[in-house]
Amino acid sequence: MSSENLPQSPEQQLRKPRVAVVFGGRSSEHGISVVTAGAVLNAIDRTKYDVLPIGITTDGRWALTADEPERMAITDRKMPEVAQLAESTEGAVVLSVDPGSREVVYSEPGSVPKALGEVDVVFPVLHGPYGEDGTLQGLLELSGVPYVGAGVLASAVGQDKEYMKRVFISFGLPVGPYLVVRPREWDNDPSGARKRIVDFAGEHGWPLFIKPARAGSSFGITKVDDLSGLDEAIEEARRHDPKFLVESLLRGREIECGVLEFEDGPRASVPAEIPPVTSHDFYDFEAKYIDSASGILPAPLTEEQTAEVQRLAVEAFEATSCEGLVRADFFLTEDGTFVINEINTLPGFTPISMYPRMWQESGVSYQELVDRLIQAALRRPTGLR
């Protein structure tokens, strides 16, 4: 039985919806997830919702944390960690997988487990594997707890750049040249895999981008100008993911567009342009989060170009069966056509991140954006839909 059909007690009907903000996680994007959580916690309307912050440490422990967003900021160019925010070094939070109960329990060694009450909706702000890739979403489906953002399939497809591109191609969306090197191929025949990459460069030209297949925030991506840098770039990508992609350089402008689920369906935001970053080789993690490279809002496009990129962004959202939110990233190539690079099902969500800034430009404030996402999740049942 879907959790939304469970009978509610008078107490449940009277109390405010309880939002569990889950953040941190085991991926290399742990720190930026903590920063995002701080921004979301600041934005949630406490007159409408009760809030329960739950951090996941880098080793996977679910920890009870204080509701102190000010401690979740980047300090002296260093990312915060859940371990610094946890109320205990051993205590663990457990979410029931019984769809008849949304009870959250906290336990410490040698102590009687303590019930923390029920959760009505989860706002996951985890980026990368073990959070954005469908794994957390599967747990929440088993638990019968609604959650913000894409479901299991869309999250998995949105995390794996190979299958994301395959879905885009099957729906007729324009995709740039790429190839995939899987773990078994590299482990069993690295010289053959390397030859495939060199042949790809011969066909499409240098430079190439070597990137992990299932990482985000530009972690592990290297721009390779010639053969001498190839092995080091592959090693860096495989440090984040044993499967990696090789992409050709698309010459043109970087354009981003946000998609948000409204009551009548998904809508696209005002698009933004990411200008060339002179202090970085490309729009990498340092440029995004540490040096706060800023985009141009709105993107200087014609009305026809704006309408086209908005149409493609919504098509990408629908093609991958997304829910809640998506940031779609494009290249506007020199011949005037848009090529989709990727989508992010849980995009960067700090105040300086492009997704909330695009919606701010579109007339939706950060606080309203958070509220709309929570309300969309509360409207949606768990299970098949």
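Residues numbered from 1 in each chain as written. Predicted model: local features only at pLDDT ≥ 70, side-chain atom pairs only at ≥ 80, totals over all residues. Heavy atoms only, no water.

Applicable threshold: UniProt positions are given in the numbering used here, feature names are shortened, and annotations may be inferred rather than shown by experiment.
In the nomenclature of an unreviewed UniProt entry, the protein chain is known as D-alanine--D-alanine ligase of Streptomyces sanglieri. Its UniProt record gives the protein chain a comment under Pathway (unreviewed entry), which states: "Cell wall biogenesis; peptidoglycan biosynthesis." Per UniProt, the protein chain has the following entry under Sequence similarities (unreviewed entry): "Belongs to the D-alanine--D-alanine ligase family."

### Some details on the overall build of the protein chain
The condition that has to hold: For helices the rule is a DSSP run of H or I covering at least 4 residues; for strands it is a run of E covering at least 2, with both sets numbered from the N terminus onward. Here the globule rule is a power law, 2.2 Å times the number of residues to the power 0.38, and the radius of gyration is based on C-alpha atoms. Burial classes follow relative accessibility: with a 1.4 Å probe on protein chains only, a residue under 20% of its type's maximum area counts as buried, one over 50% as exposed, and anything between as partly exposed. What makes two residues a contact is simply this: any of their non-hydrogen atoms within 4.5 Å. Shrake-Rupley sampling with a 1.4 Å probe provides the accessible areas, and residues are treated as covered by the protein chains on show and by no other component.
Along the backbone of the protein chain there are 13 helices and 16 strands. Here the protein chain has a C-alpha radius of gyration of 21 Å; the compact-globule value for 385 residues is 21 Å, and the two agree. On the principal axes, the C-alpha backbone points of the protein chain span a range of 65 × 50 × 45 Å. A total of 385 residues make up the protein chain; the buried ones form 54% of that total. Sequence-distant contacts, at least 24 apart, represent 66% of the contacts inside the protein chain between residues at least 6 apart. Summing over all exposed atoms, the protein chain offers an accessible surface of approximately 16800 Å²; the carbon and sulfur share of this is 50%.

### Some remarks on the packing of aromatic side chains
Our working definition: Side-chain rings of Phe, Tyr and Trp, where Trp is taken by its six-membered ring, are said to pair if the distance between their centres is within 6.5 Å; with planes under 30 degrees apart they count as stacked, over 60 as edge-to-face, and otherwise as tilted. Each ring is checked for a lysine NZ or an arginine CZ that lies within 6 Å of its centre and within 35 degrees of its normal; such an atom marks a charge sitting over the ring.
Within this structure, the stated rule accounts for six aromatic pairs. In this structure an aromatic cluster arises from ring pairing among F123, F349, Y355 and Y366. In this structure, R26 is placed above the aromatic ring of Y130, and the distance from its NZ or CZ to the ring centre is 3.9 Å.

### What about unusual backbone geometry?
Across the chain, the bulk of peptide bonds are trans and the bulk of non-glycine residues have phi less than zero. Of note, the amide linkage connecting W206 to P207 takes the cis form, showing an omega dihedral of 0 degrees. The topology assignment puts P207 in the loop between α8 (190-204) and β9 (208-212). Of note in this structure, D76 is not a glycine but carries a positive phi near 55 degrees. Relative accessible area serves as the criterion here: at 70%, D76 is assigned to the exposed category. Its identity as a non-glycine residue notwithstanding, Y130 has a phi of 65 degrees, on the positive side. By secondary structure assignment, the location of Y130 is in the loop between β7 (121-124) and α4 (135-143).

### Overview of helix α6 (residues 161-170)
The test is simple: The definition of a polar contact used here is a pair of N or O atoms within 3.5 Å, where within protein one atom must be able to donate a hydrogen and the other to accept one, and adjacent residues in sequence count solely through side-chain atom pairs.
All of the buried residues in α6 are K161, E162, M164, K165, V167 and F168. Its side-chain oxygen placed 3.0 Å from the backbone nitrogen of E162, D160 serves as the N-cap of α6. Among the residues trailing α6, G172 stands out with phi positive, at a value near 80 degrees.

### Remarks on the pairing of strand β1 (residues 18-24)
Defined as follows: Orienting the strands away from the viewer, one traces the path from the first strand over the helix to the second; a clockwise path indicates a right-handed crossover. Criterion used throughout: strands pair if DSSP finds at least two bridges between them.
For β1, the buried fraction is high: seven of the seven residues fall into the buried class. Between β1 and its parallel partner strand β2 (residues 50-56), the chain crosses via helix α2 (residues 30-43), and the hand of that crossover is right-handed. In the sheet, β1 pairs with β7 via four bridges, with the strands oriented parallel. From the neighbouring strand, V19 faces β7, where its bridge partner is V121.

### Observations concerning the side chain of S248
Note on placement: S248 falls in strand β11 (residues 244-248). Apart from the residues within four sequence positions on either side, S248 is in contact with P177, F200, H204, P207 and L208.

### Comments concerning the sheet that holds strand β4 (residues 92-95)
In plain terms, the rule: The axes are straight lines fitted to the C-alpha atoms, using for helices just the contacting stretch, and the angles between their N-to-C directions are given from 0 to 180°.
Taken in spatial order, the three strands make up an open sheet running β4-β5-β6, and their pairing is antiparallel. Unpaired on one side and paired on the other, β4 and β6 (114-118) mark the two borders of the sheet. Pairs of neighbouring strands in the sheet enclose a mean axial angle of 25 degrees, with direction left out of account. Here strand β5 (residues 103-107) pairs with β6 via four bridges, running antiparallel. Looking at β6, one finds that V105 is bridged to A115.

### Quick look at helix α13 (residues 366-379)
Residues separated by three or four positions in an α-helix point in the same direction, a consequence of the helix having 3.6 residues per turn. As a reminder, the rule being used: A helix's residues, less one, multiplied by 1.5 Å, set its expected span.
The first and last C-alpha atoms of α13 sit 20 Å apart over 14 residues, in line with the 20 Å expected at 1.5 Å per residue. On its buried face, α13 sits against β1, α2, β7, β12 (252-262), β15 (325-333) and α12 (354-361).

### A word on the nonpolar core
Rules: To qualify as a nonpolar core, a set must consist of buried Ala, Val, Leu, Ile, Met, Phe, Trp, Tyr and Cys residues joined through side-chain atoms within 4.5 Å.
Grouped together as the largest cluster of nonpolar side chains are 35 residues, with contacts concentrated most on V21, F23, V40, I44, F123, F349 and V370. Elements with a minimum of two residues in this core: β1, α2, α3 (82-85), β7, β12, α12 and α13.

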